[in-house]
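Understanding the architecture of this molecule
The lines below spell out each chain.
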2 protein chains.
Amino acid sequence: MRTWTTTEVTRLTGVTSRTLRHYDAIGILEPVATGHGGLRRYGEAELLRLQRILLLKRLGLRLDVIAEIVDGALPEADALKRHAEQLDEERERLDRLADTVAATIRQLEGDQTMTPETWFDGLDAGKQAEYEAEARRRWGDAAVDASDTAVRAMPEAERRAIPAKFDELHRRLAALKEAGEPADSAAVQAVVADHYAFIAKLWGTAPTAEAYSGLAALYTDDPAFAATYDAVAEGLATYLRAGMDAYAAASL
Amino acid sequence: MRTWTTTEVTRLTGVTSRTLRHYDAIGILEPVATGHGGLRRYGEAELLRLQRILLLKRLGLRLDVIAEIVDGALPEADALKRHAEQLDEERERLDRLADTVAATIRQLEGDQTMTPETWFDGLDAGKQAEYEAEARRRWGDAAVDASDTAVRAMPEAERRAIPAKFDELHRRLAALKEAGEPADSAAVQAVVADHYAFIAKLWGTAPTAEAYSGLAALYTDDPAFAATYDAVAEGLATYLRAGMDAYAAASL
DNA sequence: CTTGCGGTTGACGTAACGTCAAGCCGTACC
DNA sequence: GGTACGGCTTGACGTTACGTCAACCGCAAG
């Protein structure tokens, strides 16, 4: 049976001798014989095994997983499906990351009156870029840019009063919640109507029912938002969301 | 000036004490003082610096790059733009990888007469999935699936003769090349016409000029394809590509 | 006998910490 | 006064898949 030396194998497959020795060390591919001063020799079976290893490695699988596959301990199709899922997750993560980075660059190059400062006032300054990215995903670039324009067009004094206005709305809501008013009661819906009008002003356009509900979902689903609201009164995020959903369903 | 202990900082920022010590070790964030038995104390400046570090880390930047930024040695916007490019490259890499993995799964679950075996006959078996993925990117899912159907519909004998047919075409071309025929000469174009007809048969549809040129580009641009053709005669890939481009320009 | 070729075995480095293990300081308790 | 304990410290190793030296070894040619 023909055998091949290390150098021959490297020429045939493109891997380095160091890699071959590494594969030997971790037990994934051992030479068929080691004669004449430690020189490795690989046979046909080893070459075929190496081809399979390299194929799976090109797919991005880890060596320990590859070891299980070529040893027959793990069905290849199963491993690949799991790997495909992981790749998808990683792609989504990178997508979100790229959005956030892009938003951060825009903030760095833009001026101080960027949208997120008003939309997401009170949040950690460092997270604003993340929320701008989130907003662009949820409502689209056009909506965010329109809001930017609208806020920029407001008189200075009014713009600076935005956080206070939110604060007022939240306190009114908290009081009603304290009083035991249901979220769909007329009193709460009146405050929510004010909230809706204020959001419409900031967005530069009146949100659709879907968009408004999406905002409501953001308030409860995002930990930072939920924490901000719950700092005013416990459960306020959920309460506000319920009120907003009711408003979207009944009045939009 | 107020200072904070390790535990307080971990509560405020969510990082572990180990991380803080790591940041100290690599010199990216040093405590303002280390008194009373080595206990670390961080001041306001350090907290702000840490916030910035964590923000940049959320964006996926590496610590050595972050160090340059917070030390003012590297403009943040520049670093982020470069980072955004790297993210894009990584996303594309993952996209290609996911395509290849998906193609491999299809091959594992499909039967033995999959398209790539005929399209890419003679290539390393392990690379066929990559080429199926490449083909789906270049010509779309519909085209590859149509080809699959067409090849499957061929009589068994004919299907098995596909590699031989390619081989014949390649040898005829090599002979003409040897004889010094220009790629746009009538003799070469006649062979290319046969090639085109054969490809059309395999694809189940006649390729457009663009698709045929794309195939020609694949022959020369891909190392494995180029090597396959150049094994028949040196420079055959380039020669065939020139002939195909001429054919696409003149006859399609 | 020396040089050179072709290969070998360690051993360290990579990124960003997690995870022990061992030890030290101050305080409360006995 | 000893001691147990909490809070924190400094090493040091492990993680992934090798790259990159450094030191060495067997064999053949000059």
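Since this is a predicted model, take the numbers as computed values, not measurements. (Residues numbered from 1 in each chain as written. Chains lettered and ligands numbered in written order. Predicted model: local features only at pLDDT ≥ 70, side-chain atom pairs only at ≥ 80, totals over all residues.)

On to the pairing of strand 3 (residues 39-42) of chain B. Residues and elements named next belong to chain B. Side chains of strand 3 alternate between two faces, with Arg 40 and Tyr 42 buried and Leu 39 and Arg 41 left unburied. Relative to strand 3, strand 1 (residues 4-5) runs antiparallel, the two being bridged by 2 bridges. Opposite Trp 4, over in strand 3, you have Tyr 42 as the bridge partner. (Buried ≥ 20, exposed ≤ 12 C-beta atoms within 10 Å, placed from the backbone. Helix = DSSP H or I, 4+ residues; strand = E, 2+ residues; numbered from the N terminus. Pairing = 2+ DSSP bridges.)

What follows deals with the UniProt feature "coiled-coil region" (unreviewed entry) in chain A. Using the residue numbers shown here, the UniProt feature "coiled-coil region" (unreviewed entry) corresponds to residues 77-107 of chain A. Structurally, residues 77-107 of chain A comprises 100% helix and 0% strand, and the distance from its first C-alpha atom to its last is 45 Å. (UniProt positions renumbered as here; feature names shortened; annotations may be inferred.)

A separate point is the relation of the copies chain B and chain A. When chain B is fitted to chain A, the best match, at an RMSD of 0.2 Å, comes from turning it 179° and sliding it 0.1 Å along the axis. Within this description, the copies of the chain are treated as partners about a two-fold rotation axis. Across chain B, the rotation axis passes nearest the C-alpha of B:Arg91, at a separation of 3.1 Å. A symmetric contact is evident, with 100% of the interface residues of chain B recurring at the interface of chain A. (Least-squares fit on C-alpha atoms with pLDDT ≥ 70 in both. Contact = placed C-beta atoms within 7 Å.)

So, about helix 11 (residues 209-221) of chain A. For helix 11 of chain A, built from 13 residues, the straight-helix expectation of 18 Å at 1.5 Å per residue is met to within 8% by its first-to-last C-alpha distance of 18 Å. Structurally, helix 11 of chain A contributes buried residues whose contacts are with helix 10 (186-203) and helix 13 (236-251) of chain A. (Expected span 1.5 Å × (residues − 1).)

The next thing to look at is the environment of A:Ala242. As for its position among the elements, A:Ala242 is in helix 13. Here the alpha-carbon distance between A:Ala242 and A:Asp184, two residues 58 residues apart in the chain, equals 7.6 Å.

Our focus in this paragraph is the interface of chain B and chain A. Chain B puts 26 residues into the contact, and the matching count from chain A is 26 residues. Elements with a contribution of two residues or more to the side of chain B that touches chain A: helix 3 (44-58) and helix 5 (76-109) of chain B. Per-element tally for the side of chain B that touches chain A: the top contributor is helix 5 of chain B, with 21 residues. For the side of chain B that touches chain A, the class distribution of residues is 13 nonpolar, 6 polar and 7 charged. (Nonpolar A, V, L, I, M, F, W, Y, C, P; charged D, E, K, R; others polar.)

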